[in-house]
Amino acid sequence: DTIGLGRRKRAIARVFLVPGEGNILINKVPGEKYLQYNVTYLNTIWAPLREINLDKQFDIVVLVKGGGLTGQAEAIQLGVARLLCKMNPENRSMLKPFGFLTRDARIKERKKYGLRKARKAPQYSKR
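Our subject in this report is the structure included herewith.

## Side note on the side chain of N91
Then step 1. For N91, the location among the structural elements is in helix α4 (residues 91-95).
Then step 2. Residues within four places of N91 in sequence aside, it is in contact with I52, L84 and C85.

Printed below as a string of structure tokens:
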């Protein structure tokens, strides 16, 4: 079966859709436990499948690394959406209006020398 690749910030998710009854397995851990029973994250992941009414026909199996839980959840969402388009090209027109196929390009800005962070400068002292 094919693979959907999703990225967000530092997170990279490899997503597989397996025929099943709507379970999530993330890094061999039940999805609810991995995402600390956070409803927002779970809804994020299921959103593309719910939009085309397939949320009870598939299990989501994910290998994800890097980033935090929010980045990982959104990376998984992109992976799921891409995989649905791969499986059936008609799904694309249904998912596109919701923005499920857009890679969020915002990543951490690099730190510059002479500054504390990317833009935070040390306190200015007049004398």
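## Some words on the packing of aromatic side chains
Then step 1. One pass over the structure, following the stated rule, counts one aromatic pair.
Then step 2. Summarising the aromatic geometry, the rings of F98 and F100 are spaced 5.7 Å apart at their centres and angled 20 degrees between planes, so their arrangement reads as stacked.
Then step 3. F100 gets classed as buried once you look at its relative accessible area, which sits at 9%.

## Thoughts on the layout of surface pockets
Using a probe with the size of a water molecule, rolled over the atoms, empty space left in the structure can be pinpointed.
Then step 1. Within this model, the largest pocket holds a volume of roughly 160 Å³.
Then step 2. If you trace the largest pocket, you find it lined by R7, R8, E74, Q77, L78, F98, G99, F100, T102, R103 and D104.
Then step 3. Contributing elements (two or more residues each) for the lining of the largest pocket: β1 (4-8) and α3 (69-87).
Then step 4. Per-element tally for the lining of the largest pocket: the top contributor is α3, with three residues.

Rules behind the numbers
Residues numbered from 1 in each chain as written. Predicted model: local features only at pLDDT ≥ 70, side-chain atom pairs only at ≥ 80, totals over all residues. Heavy atoms only, no water. Helix = DSSP H or I, 4+ residues; strand = E, 2+ residues; numbered from the N terminus. Contact = heavy atoms within 4.5 Å. Phe/Tyr/Trp six-rings, centres within 6.5 Å; stacked < 30°, edge-to-face > 60°. Buried < 20%, exposed > 50% of the residue type's maximum accessible area, 1.4 Å probe, protein only. 1 Å grid on protein atoms, 1.4 Å probe; cavity = no way out; pocket = protein on both sides within 12 Å on 5 of 7 lines; lining within 4 Å. Points joined across faces, edges and corners; volume = space filled by probe spheres on them.

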